[in-house]
Each structure stands twice: as C-alpha cells, then as structure tokens.
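# Fold and geometry: a report
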Amino acid sequence: MAYFISEDCISCGACESECPVSAISAGDVTYVIDPETCIECGACADTCPVDAPKQA
C-alpha cells in the first residue's frame, strides 16, 4: 500500500526532495503523497523528523 502523510506533518519539506519518483508535493496544509505514483520505497519515512509518512 502507498504511503500517506499524517496530520503530524510539520511541512518542513524534507520528504519531498527524498522521493525518487516525485510523488510528494506541498498541499494546502501539509505535504501530500500521490498514491498512484508512490512506489512504497520508504525514503520519505526514513527522512521525516516527526514520522509523518505512514504506510496505508
């Protein structure tokens, strides 16, 4: 299952640059992951300082 970004996101942007397929973008309040593009590599989760990316 694709990753998603939880409400714990602090909008630091660390995950966006780590995504190898550019599935992460800035949303209205937090960053968001496009589930169709996500390859479930976990790079975003490994880099996030608040563990906001979660696997669905």
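Here is what the cut-offs are and how they apply
Residues numbered from 1 in each chain as written. Predicted model: local features only at pLDDT ≥ 70, side-chain atom pairs only at ≥ 80, totals over all residues. Heavy atoms only, no water. Core = buried A, V, L, I, M, F, W, Y, C linked by side-chain atoms within 4.5 Å. Buried < 20%, exposed > 50% of the residue type's maximum accessible area, 1.4 Å probe, protein only. Helix = DSSP H or I, 4+ residues; strand = E, 2+ residues; numbered from the N terminus. Contact = heavy atoms within 4.5 Å.

## Thoughts on the nonpolar core
In this structure, Ile5, Cys15, Ile24, Tyr31, Ile33 and Cys44 are the most contacted members of the largest nonpolar core, which totals 14 residues. Of all the secondary-structure elements, those providing two or more residues to this core are strand E1 (3-5) and strand E3 (31-33).

## Some remarks on the side chain of Thr30
Tracing the backbone through its elements, the reader meets Thr30 in the loop between strand E2 (24-26) and E3. If near-sequence neighbours (up to four positions away) are discounted, Thr30 is found in contact with Cys9 and Ser11.

## Examining the side chain of Ser6
Structurally, Ser6 is set in the loop between E1 and helix H1 (14-18). Residues contacting Ser6, with those up to four places away along its chain left out, are Ala52 and Lys54.

## Examining the environment of Ile24
Mapped onto the elements, Ile24 comes out in strand E2. Expressed as a C-alpha distance, the spacing of Ile24 and Ala52, which sit 28 residues apart in the sequence, is 13 Å. The residues contacting Ile24, other than those within four sequence positions of it, are Ile5, Cys15, Glu16, Cys19, Tyr31, Val32, Ile33 and Cys44.

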